[in-house]
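Chains, contacts and geometry: an overview
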Amino acid sequence: MGRAALFQMTSGIDPEANAAAIVSAIREAKAGGAAMLFTPEMSGLLDCKRERAAANIVGEADDLVLAAARDAAAREGIWVHLGSLAVRPDRDAPERRYANRAFVIDDSGEVRARYDKIHMFDVDLATGESWRESKAYAPGERVVTVETPLGRLGLAICYDVRFPALFEALGRERCDLVAIPAAFTVPTGLAHWHLMQRARAVEASAFVLSAAQVGHHEDGRETYGHSLAVDPWGDVLLDLGGDMPGLGFVDIDPARIAEVRGQLPSLANRREIAK
């Protein structure tokens, strides 16, 4: 049995303020007995004004939020999954767009895994909201898993949740948990958030941990919240609601994974579909 902490944030346009909030959550998560803390998508900077945001998007080596999280993880002795940061590519990289990148940090402050969001949020909603993530961010190409104190963790980010092929790949890797950090819009959240998180947990026969952004942000957007922990049967174990930032805890029981996979061995029964 291991304990996870989910940090629901209202990230703003100041990386230093966001870093301070994350460091405080790391300290509180450790005090609450968590082996690992999970934060939302764009934990370090949520700013839709691209010219203003550009001044605060740097390479990994210069990212103050990543550095603060690594230092705090080592100081407190806890693993941290930074749901994602906006990261400038290496100087010699041919691709000049940013990466929307998740980081898994161990309890000595070392980065154990990186995952770049594969599916870009390019949509026009009926509410009038229009988003073109691909204009600023380059999509990732790799499925990523990593061993953690809570089990084998598969990585996804926000809009990835709508693409079952990614989760089929994570299922083939026999992940015990899948992280789906998010900054979901309110209209799409109301329609699909709980439905898709529960579906992904059932498909992978794994726990799903989804730390989310919530509320009204400095850049003018509004996010849905409802950070969730869902068990392999699809039962919601934790829901932090849609009103306020905060920290929640959930116990991860590996016996539950074995129990569900024993009752419904869908991973073992899966067959290739002829085209």
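Scroll up to find the structure.
Values in this document were obtained by computation on a predicted structure and should not be read as measured data. (Residues numbered from 1 in each chain as written. Predicted model: local features only at pLDDT ≥ 70, side-chain atom pairs only at ≥ 80, totals over all residues. Heavy atoms only, no water.)

Take the nonpolar core next. Phe-38, Val-104, Leu-153, Leu-155, Phe-184, Leu-209 and Ile-252 are the most contacted members of the largest nonpolar core, which totals 44 residues. In this structure, Val-104 is in contact with Met-36, Trp-79, Val-80, His-81, Glu-110, Val-111, Arg-112, Ala-113, Val-146, Leu-153 and Leu-155, ignoring residues within four places of it in sequence. (Core = buried A, V, L, I, M, F, W, Y, C linked by side-chain atoms within 4.5 Å. Buried < 20%, exposed > 50% of the residue type's maximum accessible area, 1.4 Å probe, protein only. Contact = heavy atoms within 4.5 Å.)

The next thing to look at is the packing of helix α1 (residues 15-31) against helix α3 (residues 64-76). One way to put it is that α1 packs onto α3 with a least axis distance of 9 Å and a crossing angle of 20°. Overall, the two elements α1 and α3 adopt an arrangement that is roughly parallel. For the element pair α1 and α3, the recorded crossing hand is right-handed. Note on element contacts: α3 touches α1 through Leu-64, Val-65, Ala-68, Ala-69, Ala-72, Ala-73, Arg-75 and Glu-76, opposite Pro-15, Glu-16, Ala-19, Ile-22, Val-23, Ile-26, Arg-27 and Lys-30. Class assignment for the residues of the contact of α1 with α3 results in 11 nonpolar, no polar and 5 charged. (Axes fitted to C-alpha atoms, helices over the stretch in contact; angles between N-to-C directions. Helix = DSSP H or I, 4+ residues; strand = E, 2+ residues; numbered from the N terminus. Parallel < 35°, antiparallel > 145°, perpendicular 65-115°, else oblique. Left-handed = near helix turned anticlockwise from the far one by under 90°. Nonpolar A, V, L, I, M, F, W, Y, C, P; charged D, E, K, R; others polar.)

So, on to the pairing of strand β5 (residues 111-116). Pairing geometry for strand β4 (residues 99-105) and β5, over 5 bridges, is antiparallel. If you follow Val-104 over to β5, its bridge partner there is Ala-113. Turn length for the β4-β5 hairpin, with the two strands adjacent in sequence and antiparallel, is 5 residues, and the turn residue Gly-109 shows positive phi of about 90°. (Pairing = 2+ DSSP bridges.)

A few words on the environment of Gly-83. With respect to the element layout, Gly-83 can be found in strand β3 (residues 79-87). Gly-83 gets classed as buried once you look at its relative accessible area, which sits at 0%. Put simply, Gly-83 and Gln-8 are 75 residues apart on the chain and 11 Å apart in space, counted from C-alpha to C-alpha.

The next thing to look at is the sheet that holds strand β15 (residues 236-239). Here we have 6 strands laid out as an open sheet, ordered β8-β9-β10-β11-β14-β15, and mixed in their pairing. The open sheet has two edge strands, β8 (145-148) and β15, and neither has a second partner. Between one strand axis and the next, the sheet turns through 20° on average, direction left out of account.

This paragraph deals with the pattern of salt bridges. This model, assessed by the stated rule, comprises 15 salt bridges. Here Asp-231 ties to Arg-256 by a salt bridge, and the two come within 3.0 Å at their closest N and O atoms. Of this pair, Asp-231 sits in the loop between β14 (228-230) and β15 while Arg-256 sits in helix α6 (residues 254-263), and the two are 25 residues apart along the sequence. Salt-bridge contacts for Arg-256 lead to Glu-259; the nearest nitrogen and oxygen are separated by 3.1 Å. In this pair, Arg-256 and Glu-259 both sit in helix α6, 3 residues apart, roughly one turn of the helix. On the basis of relative accessibility, which here comes to 40%, the residue Glu-259 falls in the partly exposed class. A cluster of three or more residues bridged by salt bridges with shared partners is formed by Glu-60, Arg-101, Arg-114 and Asp-116. (Salt bridge = Lys/Arg side-chain N within 4 Å of Asp/Glu carboxyl O.)

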